[in-house]
Amino acid sequence: MSTLEIKNLNVSFGKKQLVQDVNLTLRMDKITGLIGQSGSGKSLTSLEILGFLPPNLRGKCEIWLDGERINFRKGFFANVMQNPRTAFNPLNSMKSHAKETIKARNLREKFHTQNGANLKDKFDRNSNINDEIKSAFKSAGLSEDVLELYPPQMSGGMLQRAMIALTLLARPKFIIADEPTTDLDLLSQKKVLDMLSDLAIKSGVGMLIITHDFGVIRHICDEVFVMENGRLIEHGSVTDVFENPQSDGAKQIIGAYKFLNKSAEICDENALDLKQNLALNVRDLNFSYKIFSLFKNSQKPVLSGVNFALESGKALGVLGVSGSGKSTLAQILMQIYTPNSAQITFFGKKLCAKNLVSRREIYRQMQIVFQDPLSSVNPQNSVFECIKEPLDYLFKFDKTQLENRVKEVLSFVGLSEDFLSKLALNLSGGQIQRVLIARALAVRPKVLILDESLSSLDTILQVKFIELLKRLKSQLTLIFITHDIRLARILCDEIVLLDGGKIAEIIKPNSKMKSQIGRNLENSILK
């Protein structure tokens, strides 16, 4: 079977070496994993292989297939990105994206043919385009109806499957999937991983999976490389590395992974406590999206009859699959959306944002860290500007107070003062997420909403932040929205499970779930 070799891969920023002397040997009949902590250089490695490095970074590498050097990267590689929402044009339908992919593929094949490139095509070039598109989307678990949808109308899981369909249409020889399941719920995560595995087997393409989750590695990969500080520190079969890690970096990653699984063990008790000193009380919350059309306006129910209460100093977990209404609930609490009907009290006062003054007062006491870090900051702003932005809006601090508060929270999330001058676009996904958590904590709110805010962090950082948030619970009330049951069980005092916009059940963290959707989620945990 063919072997792909990546030789002497280096990436630098000015005189600073970010990735150094990386050499990968990738079997085309195997799925290989690349794992490491946030900022270890995983994504930079993939960007250099793909030829997608930003202009402010310099990179070089050699790519060889069975002893012959590859000079044409485009068409040979395809990329399944971490954040599919930023990869699609929101103004184009899925069918338009698919046709654009086929057009680019045909131009590429024509170019390679004219230049004598030896690229064997297993597919029928004269096949009907529409049939080919439908077949690719069906293989990715999507119906024909999805072809008429636009990216804003689709959930994260649907967009990730659509990206896999486009990958099928591109007909690559090798696929690089960079954190392909980070933002997905457990059910969608397992489905996407199984799709990627089937794609590799049926199409005969090689695959490199980049992730911070050793559960993903164990589920889909045959071999794994471990990366730390821009260097490869360990390589072997998944079983060997998991059972007998040699490097300190691998031991830390696997230790954190085992800690999460062990700490989330369940029992049969499920007695809910009588709540006192409520921070938040939500009764009969209903919300629908308005759908406007040329002939008839309609509404799509998103949340129906939602009731829960959150005690001050406690942590409430909100679980659910993609599209169950978790993020919508958070945005209603933050006054971004207005519910159709609801009775919501915040520390005994009716939650209301009829004017700017009351909204500003709410934001002083309640902050949110959104799911997608890249769309939550101006990429051209420095870290200092990102963190001080809400302070400028909500308070009247002088320059010294601002600098001291920003440095304090930056240190709190484990980033040095060297990051203050760095632009957001030059940070890894995990580093940006830590900056956003720091920004929310800088306000010193009474209630903090974390909307999938730990999903882009590696397992070591997840464990550290969970311990950090546990210590903060005496001063802070938490709403923890997540798709990872393990994290919710470790951090939260109570867990709400949403299904189709309704509460399926409310349980204590170490209790078994009784609803069907709850049991499905528990069975989908990658161990």
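From a predicted model like this one, the values you see are computed outputs, not experimental measurements. (Residues numbered from 1 in each chain as written. Predicted model: local features only at pLDDT ≥ 70, side-chain atom pairs only at ≥ 80, totals over all residues. Heavy atoms only, no water.)

## What to know about the overall build of the protein chain
Spelled out, the test is: Helix numbers and strand numbers start at the N terminus; a helix is a DSSP run of H or I with at least 4 residues, a strand a run of E with at least 2. Only C-alpha atoms enter the radius of gyration; for comparison, a globular chain is expected to reach 2.2 Å times N to the power 0.38, where N is the number of residues. Here the term buried applies to any residue with accessible area under 20% of the maximum for its type, exposed to any over 50%, and partly exposed to those in between, with areas from a 1.4 Å probe on protein chains only. Residues are treated as being in contact if the distance between any of their heavy atoms lies within 4.5 Å. The Shrake-Rupley method, run with a 1.4 Å probe sphere, supplies the accessible areas, and residue values consider only the shown protein chains as cover. Counting rule applied: Lys, Arg positive; Asp, Glu negative; His and chain ends not counted. Where a charge sits is defined by one atom per residue type, namely NZ (Lys), CZ (Arg), CG (Asp) or CD (Glu).
Counting secondary structure elements, the protein chain contains 16 helices and 20 strands. Relative to its length of 527 residues, the protein chain is compact, with a C-alpha radius of gyration of 24 Å against a globular reference of 24 Å. In terms of overall dimensions, the protein chain has C-alpha extents of about 75 × 60 × 50 Å along its principal axes. When each of the 527 residues of the protein chain is scored for burial, the buried share is 51%. Sequence-distant contacts in the protein chain: of pairs separated by 6 or more residues, those separated by 24 or more amount to 71%. For the protein chain, the exposed area adds up to about 25,000 Å²; of that, 48% sits on carbon and sulfur atoms. A gap of 4 Å separates the mean positions of the 69 positive and 56 negative side-chain charges of the protein chain.

## Thoughts on the sheet that holds strand E17 (residues 447-451)
We count it as follows: By definition, two strands form a pair when at least two bridges between them are found by DSSP. Helix axes use the C-alpha atoms of the stretch in contact, all axes being lines fitted to C-alpha atoms, and the angles between their N-to-C directions lie in the range 0 to 180 degrees.
Ordered by their spatial adjacency, six strands build an open sheet running E16-E17-E18-E13-E19-E20, and the pairing between neighbours is mixed. Both edges of this open sheet fall to strand E16 (366-369) and strand E20 (502-507), since each of them pairs with a single strand only. Each strand axis lies, on average, 20° off the axis of its neighbour in the sheet, ignoring direction. Pairing of strand E13 (residues 315-319) with strand E18 (residues 477-481) involves four bridges; the strand directions are parallel. Among the inter-strand pairings, valine 318 is bridged to a residue of E18, identified as isoleucine 481. Each of E16 and E17 is contacted by helix H13 (residues 429-442), which is oriented at about 175° to E16, the strand it contacts most. Sheet contacts for helix H16 (residues 516-523): strand E19 (494-499) and E20; angle to E19, the most-contacted strand, approximately 105°.

## Examining the pattern of salt bridges
The criterion, for reference: A pair is scored as a salt bridge if a Lys or Arg side-chain nitrogen falls within 4 Å of a carboxyl oxygen belonging to Asp or Glu.
Under the criterion given, the structure shown has 12 salt bridges. In this structure, the salt-bridge partner of aspartate 29 is arginine 27, at a minimum N-O distance of 2.8 Å. With relative accessibility at 37%, the residue aspartate 29 sits in the partly exposed group. As a salt-bridge pair, aspartate 484 and arginine 486 come within 2.9 Å of each other at their nearest N and O atoms. Residue class for arginine 486 comes out buried when judged on its relative accessible area of 6%. Several salt bridges share partner residues, and in doing so they unite Arg105, Glu132 and Arg171 into one network.

## Structural notes on the packing of helix H3 (residues 129-139) against helix H4 (residues 156-170)
This is how it is decided: Relative orientations are named as follows: roughly parallel for angles under 35 degrees, roughly antiparallel for angles over 145 degrees, roughly perpendicular for angles from 65 to 115 degrees, and oblique for any other angle. Helix crossings are classified by the rotation of the near helix relative to the far one: an anticlockwise turn of less than a right angle makes the crossing left-handed, while a clockwise turn makes it right-handed. Ten residue types, Ala, Val, Leu, Ile, Met, Phe, Trp, Tyr, Cys and Pro, are classed as nonpolar, four, Asp, Glu, Lys and Arg, as charged, and the remainder, Gly among them, as polar.
The interhelical angle for the contact between H3 and H4, taken along N-to-C directions, is 130°, at an axis separation of 8 Å. When the interaxial angle is binned, H3 and H4 end up oblique. Viewed along their axes, H3 and H4 form a crossing whose handedness is right-handed. Side by side, H3 and H4 meet where Glu132, Ile133, Ala136, Phe137 and Ser139 of the first sit next to Ala162, Ala165, Leu166, Leu168 and Leu169 of the second. Classifying every residue of the contact of H3 with H4 by side-chain character gives eight nonpolar, one polar and one charged.

## Some thoughts on H16
What counts is decided by this rule: Summarising the geometry, the arc corresponds to the directions from the helix axis toward the C-beta atoms.
Within H16, burial applies to Ile517, Gly518, Leu521 and Glu522. In a view along the axis of H16, the buried residues occupy a sector of 140°, so they form one face of it. Against the buried residues of H16 lie helix H5 (186-203), helix H15 (485-491), E19 and E20.

## Considering the packing of aromatic side chains
Quick note on the threshold: A pair of aromatic rings is counted whenever rings of Phe, Tyr or Trp (Trp by its six-membered ring) have centres within 6.5 Å, and the orientation is called stacked for planes under 30 degrees apart, edge-to-face for over 60 and tilted otherwise. The criterion is that NZ of a Lys, or CZ of an Arg, lies within 6 Å of the ring centre and within 35 degrees of the ring normal, and then a charge sits over that ring.
One pass over the structure, following the stated rule, counts 10 aromatic pairs. Between phenylalanine 76 and phenylalanine 77, the aromatic rings sit 5.0 Å apart at their centres with planes inclined by 70°, giving edge-to-face as the arrangement. For the pair shown, phenylalanine 76 and phenylalanine 77 are each scored as buried. Considering the side-chain rings of phenylalanine 242 and tyrosine 257, the 6.0 Å spacing of their centres and the 75° angle between planes classify their relative orientation as edge-to-face. Within this pair, whereas phenylalanine 242 is found in helix H7 (residues 238-243), its partner tyrosine 257 is found in helix H8 (residues 248-263), the two being separated by 15 residues in sequence. Each member of the pair, phenylalanine 242 as well as tyrosine 257, carries the same accessibility label: buried. Members of the aromatic cluster, each reached through a chain of ring pairs, are Phe76, Phe77 and Phe174. Sitting above the plane of the phenylalanine 347 ring, lysine 446 keeps its charged end 4.9 Å from the centroid.

## A closer look at unusual backbone geometry
The phi dihedral of glutamate 179 falls on the positive side, at around 50°, and the residue is not glycine. Phi is positive for glutamine 335, close to 70°, though the residue is something other than glycine. Tracing the sequence through the fold places glutamine 335 in the loop between helix H9 (326-333) and strand E14 (341-346).

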